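# Secondary and tertiary structure notes
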Amino acid sequence: MYDDVLLATDGSDTASKAVMQGFEIAAKFNASVHILCIGAHAEQANGETSVIDTADSAETIIQTAKQKGSDFDVEVQLAVRTGRPHREILAYADQQGIDLLVLGTQGRTGLRKLVLGSVATSVVREATQPVLTVSKNVTNVRSAFHEILIPTSGRPGTAAAITHGIELSAAYSAQIHAVYVVDDTISRSPAYLDTVRKFGHEETDAVAVQAASTGVGTTRQILRGDPATKIQEYIGSHGVYLVVMGTERRAGVDRLVLGSVTERVLASAPAPVLTVRAHET
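Residues numbered from 1 in each chain as written. Predicted model: local features only at pLDDT ≥ 70, side-chain atom pairs only at ≥ 80, totals over all residues. Heavy atoms only, no water.

Further remarks concern the overall build of the chain. Along its length, the chain carries eight helices and 13 strands. Classification of the 281 residues of the chain by burial places 52% in the buried group. For the chain, long-range pairs separated by at least 24 residues make up 77% of all intrachain contacts whose partners lie at least 6 apart in sequence. Within the structure as shown, the chain displays about 12500 Å² of accessible surface, and the carbon and sulfur contribution to it stands at 46%. (Helix = DSSP H or I, 4+ residues; strand = E, 2+ residues; numbered from the N terminus. Buried < 20%, exposed > 50% of the residue type's maximum accessible area, 1.4 Å probe, protein only. Contact = heavy atoms within 4.5 Å. Areas by Shrake-Rupley, 256 points an atom, 1.4 Å probe, with all protein chains shown as cover.)

Our focus in this paragraph is the confidence of the model for the chain. Residues at a pLDDT of 70 or more form 83% of the chain, whose mean pLDDT is 85. Considering only residues more than four positions removed or in separate chains, one finds that residues 107–116, a stretch of pLDDT under 50, has 33 contacts. Note that residues 251–258 has pLDDT below 50 and, in this model, 24 contacts with residues that lie over four places away or in other chains. (pLDDT = per-residue confidence, 0-100.)

This paragraph deals with helix α7 (residues 227–237). Turning to α7, its buried residues are Pro227, Ala228, Ile231, Gln232, Tyr234 and Ile235. The buried residues of α7 occupy an angular sector of 160° when projected down its axis, which confines them to one face. In α7, the exposed positions that point more than 90 degrees away from the buried face belong to Gly236 and Ser237. With its phi angle positive at about 60°, Gly239 sits one or two positions after the end of α7. (Arc of directions from axis to C-beta.)

As structure tokens, then:
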């Protein structure tokens with residue numbers, strides 16, 4: 001399923017946790033690992049741009065990566081680049097034919113920063129490859145994903161995520177949780193709620209049917225409330241190991257399918273979040 005996995009890191013605790021999760025996935029699929037360290041540009045007081053020296057930290061990261069590669073018995077390729085972090089990550093991924101990008105959603109603070117908030121979001125929005133993000137709230141690195149949550153909205157951009165999530169579930173012999181959240185922040189009229197709830201049942205049933213064709217079992221849930229909040233609560237209450245969500249292109253720019261909902265989920269989810277972009281047509 002994955003042949004080449006890119007781990008972008010700055011050596012921070014969250015990024016290091018993402019690296020460990022990436023190694024676990026690479027070992028599962030016998031994939032090669034690419035470790036990418038980036039020296040970010042920083043704007044000085046006079047408006048000019050300078051390069052942050054990351055030589056020492058990069059060397060430490062490289063040595064650690066070599067050891068991890070040996071521990072997991074996977075091939076490791078190492079690269080150090082300088083530039084705008086998300087641009088360098090995307091360029092490297094395209095140049096090297098990467099199948100999966102893995103990064104943390106919070107890295108170093110101050111000048112020496114790599115995968116901090118907006119960088120991770122930019123990568124998710126623009127990457128054509130699946131992106132796995134690990135937030136600071138993830139406490140466990142998983143060697144396997146036994147419970148996989150696929151929130152569905154019925155938008156075209158979720159189709160690729162559903163298919164990808166089902167394939168992963170089959171690979172890990174995992175249970176799928178197909179969840180639809182009735183957003184009552186839009187309206188609480190009975191007619192609206194009944195219509196959207198019915199649509200949610202149709203969408204989660206469709207996921208179950210598609211999953212059944214691969215022998216994967218599905219739990220279906222219709223929730224009501226603020227979507228991001230309900231998804232976060234579901235992750236914790238149902239022991240979810242991984243969340244799979246979709247991205248799509250809208251109006252000439254790359255934007256998340258669920259907008260702020262997806263951004264809020266991947267920023268602070270207590271489980272890794274895999275975003276999958278809809279195929280271009």
